[in-house]
Amino acid sequence: QVQVVESGGGLVQPGGSLRLSCAASRIIFTYFNGVGWYRQAPGKQRELVASVIRSGSTNYADSVKGRFTISKDNAKNTVYLQMNNLEPEDTATYYCKAVVHGGREYWGQGTQVTVSY
């Protein structure tokens, strides 16, 4: 089945860390142009948090620079989002989107991240 699946969300205290995983079908990873991590908090628009393109070049939203790191493991068909020094404002549902050659997009179902005491 052609899909992307997120995992790794959970409840963490402020200052803590989580690592999210975006596992893609092999065919997606073979032909992807880029993968992005997005998040959406209740009542807010979905926003791009971090992205990585095929060459490995990365991009981050200003709000997460220096705290989040996106990386990819080609052997495991997986893109990670390492989130450190988490803040309550990071609470959201996090989604992974893969874009393949031709522009087709594949979204995951999302994983919830809650930062709270």
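Everything here concerns the structure above.
So, how was this worked out
- Residues numbered from 1 in each chain as written.
- Predicted model: local features only at pLDDT ≥ 70, side-chain atom pairs only at ≥ 80, totals over all residues.
- Heavy atoms only, no water.
- Salt bridge = Lys/Arg side-chain N within 4 Å of Asp/Glu carboxyl O.
- Buried < 20%, exposed > 50% of the residue type's maximum accessible area, 1.4 Å probe, protein only.
- Disulfide = S-S within 2.5 Å.
- Helix = DSSP H or I, 4+ residues; strand = E, 2+ residues; numbered from the N terminus.
- Pairing = 2+ DSSP bridges.

1. With respect to the pattern of salt bridges
Pairing of side chains with opposite charge becomes possible as their charged atoms draw close.
Line of reasoning, step 1. As enumerated under the stated definition, the model contains 6 salt bridges in all.
Line of reasoning, step 2. Taking the shortest distance from any N to any O, the salt bridge between Arg39 and Glu47 comes out at 2.7 Å.
Line of reasoning, step 3. Classification of Arg39 as buried rests on a relative accessible area of 6%.
Line of reasoning, step 4. Of the charged contacts, one joins Lys65 and Asp62 as a salt bridge, the two residues approaching to 3.2 Å between their closest N and O atoms.
Line of reasoning, step 5. One continuous salt-bridge network, built from bridges that share partners, spans Arg39, Glu47, Arg67, Glu87 and Asp90.

2. A few points about the state of the cysteines
Line of reasoning, step 1. Applying the stated criterion to the full structure yields 1 disulfide.
Line of reasoning, step 2. Covalently, Cys22 is tied to Cys96 through a disulfide, its sulfur atoms 1.9 Å apart. One disulfide, between Cys22 and Cys96, carries an S-S torsion of -70 degrees and so falls in the left-handed class. Placement of the pair is Cys22 in strand 3 (residues 18–24) and Cys96 in strand 9 (residues 92–100), with a sequence separation of 74 residues.
Line of reasoning, step 3. Using a relative accessible area of 0% as the deciding quantity, one classes Cys96 as buried.

3. Structural notes on the pairing of strand 4 (residues 32–40)
Line of reasoning, step 1. Burial of strand 4 is extensive: 7 of the 9 residues sit out of reach of the surface.
Line of reasoning, step 2. Examined bridge by bridge, strand 4 and strand 9 share 8 bridges and lie antiparallel to one another. When the sheet's bridge partners are listed, Tyr38 is paired in strand 9 with Tyr95.
Line of reasoning, step 3. Relative to strand 5 (residues 47–53), strand 4 is paired through 6 bridges, and the arrangement is antiparallel. Bridge pairing in strand 5 links Val35 to Val52.

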